[in-house]
Amino acid sequence: MKFRFKKTEKKQTEERFVENAKRKQRRARKRRTVTPFLIVVSVFIFAAAVYLCLTMLFNVDRIVIEGNTIYNERDLIETSGIEKGENLFEVDTAYAENKLYSVYSYVEEVEVKRSFPNAVTIKIVEATPFSVIEEADGYTLVSAGGKVLERGLEEVPYDMLSVRGLSTVTNSEDNAKRMELMKKIVNAMQDLGMEGYNFLDLTDTLEITMIYDNRVKLVLGNELELEYKLQFANNVISEKLSKTGYQLVDASSPGEIMTKEMTVSPWDSLGRVSGTGYSDEDEE
């Protein structure tokens, strides 16, 4: 069976085809017109949302300080540079942390965190005095982390470790190494629970020396296996050594301890300086 279109039907079909093509073109043009418009609107809405967040929402109305027992909180907040009403996104946490750490000597660690929707938390770890360093202008009080807490002390605070052989004002590479060595020893002492040690001499890092209870001279030698030597020596001193009299403990060889009695005070054998934390009567 064959079908044939009349001329009028064929023309109508062509007209519909043309009309459909034109309709598709109009839709395409409309889409091309609408798409840039939608992009512009979207950008505007996003910008408005950002502006709203930066000006009206997430503004600081609380500044919380944790861990502080020493300083006035108002002073800490003022030093941090953070103000109420400031937007959280504009709070410079790094600046606040560095400023607080540098201005307040007893701030060992500080962390400033944004607490959404409208608070800032300043977490402080306070420094604990651990030792003093002998310097030209007196004693400098430092924390276990090596941070300077006070300068120019005339005497060693009672029952505190005195350190000789480094400086808190010299920037030489050798002095920096000695400072790191002091931190290493101090951290090991804390971990091992070593108490009663009066003195640490780092003048010669190949012959590190300590004094315990003002009567026991401990020779550690160099820093090879230092923590092991400290642990071994501390066990001998606390458990096996006589509780009276002057004693020498040589732990310079890892795994070996040599002890013997001394006829003079450990301070005298080192070349005692003023401010060692005990009096002549105590020595006698």
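Residues numbered from 1 in each chain as written. Predicted model: local features only at pLDDT ≥ 70, side-chain atom pairs only at ≥ 80, totals over all residues. Heavy atoms only, no water.

## Notes on the overall build of the chain
So, point 1. When helices and strands are tallied, the chain shows 7 helices and 12 strands.
So, point 2. Taking all 284 residues of the chain together, the buried fraction comes to 35%.
So, point 3. Taking the intrachain contacts of the chain between residues at least 6 apart in sequence as the baseline, contacts between residues at least 24 apart amount to 51%. (Helix = DSSP H or I, 4+ residues; strand = E, 2+ residues; numbered from the N terminus. Buried < 20%, exposed > 50% of the residue type's maximum accessible area, 1.4 Å probe, protein only. Contact = heavy atoms within 4.5 Å.)

## Some points on the environment of Met182
So, point 1. By the secondary structure assignment, Met182 is in helix 4 (residues 173-192).
So, point 2. Along the primary structure Met182 and Gly145 are separated by 37 residues, whereas in three dimensions their C-alpha atoms are 9.4 Å apart.

## So, the packing of aromatic side chains
So, point 1. Throughout the structure, instances matching the rule amount to 7 aromatic pairs.
So, point 2. Relative to Phe232, the ring of Tyr228 has its centre 6.1 Å away and its plane inclined at 35°; by these criteria the two rings are tilted. Of this pair, Tyr228 and Phe232 both sit in helix 5 (residues 226-239), 4 residues apart, which is roughly one turn of the helix.
So, point 3. Residue Phe232 is classed as partly exposed on the basis of its relative accessible area, which comes to 29%. (Phe/Tyr/Trp six-rings, centres within 6.5 Å; stacked < 30°, edge-to-face > 60°.)

## Some remarks on the layout of surface pockets
So, point 1. Roughly 230 Å³ of volume is contained in the second largest pocket.
So, point 2. What lines the second largest pocket is Pro129, Phe130, Asp159, Met160, Leu161, Met189, Gln190, Gly193, Met194, Glu195, Gly196 and Tyr197.
So, point 3. Looking at the lining of the second largest pocket, the elements with two or more residues in it are strand 4 (129-135) and helix 4.
So, point 4. Broken down by class, the residue content of the lining of the second largest pocket amounts to 7 nonpolar, 3 polar and 2 charged. (1 Å grid on protein atoms, 1.4 Å probe; cavity = no way out; pocket = protein on both sides within 12 Å on 5 of 7 lines; lining within 4 Å. Points joined across faces, edges and corners; volume = space filled by probe spheres on them. Nonpolar A, V, L, I, M, F, W, Y, C, P; charged D, E, K, R; others polar.)

## Here's the deal with the sheet that holds strand 10 (residues 216-221)
So, point 1. If you walk across this open sheet you meet the 9 strands as 6-5-4-7-8-9-10-11-12, and the pairing is mixed. Every interior strand has two partners, whereas the edge strands, strand 6 (148-153) and strand 12 (258-261), have only one. Within the sheet, the average angular offset between the axes of one strand and its neighbour, ignoring direction, is 20°.
So, point 2. Two elements, strand 8 (residues 197-201) and strand 9 (residues 208-212), share 4 bridges in a ladder whose sense is antiparallel. When the bridges of strand 9 are listed, Asp201 appears paired with Thr209. (Pairing = 2+ DSSP bridges. Axes fitted to C-alpha atoms, helices over the stretch in contact; angles between N-to-C directions.)

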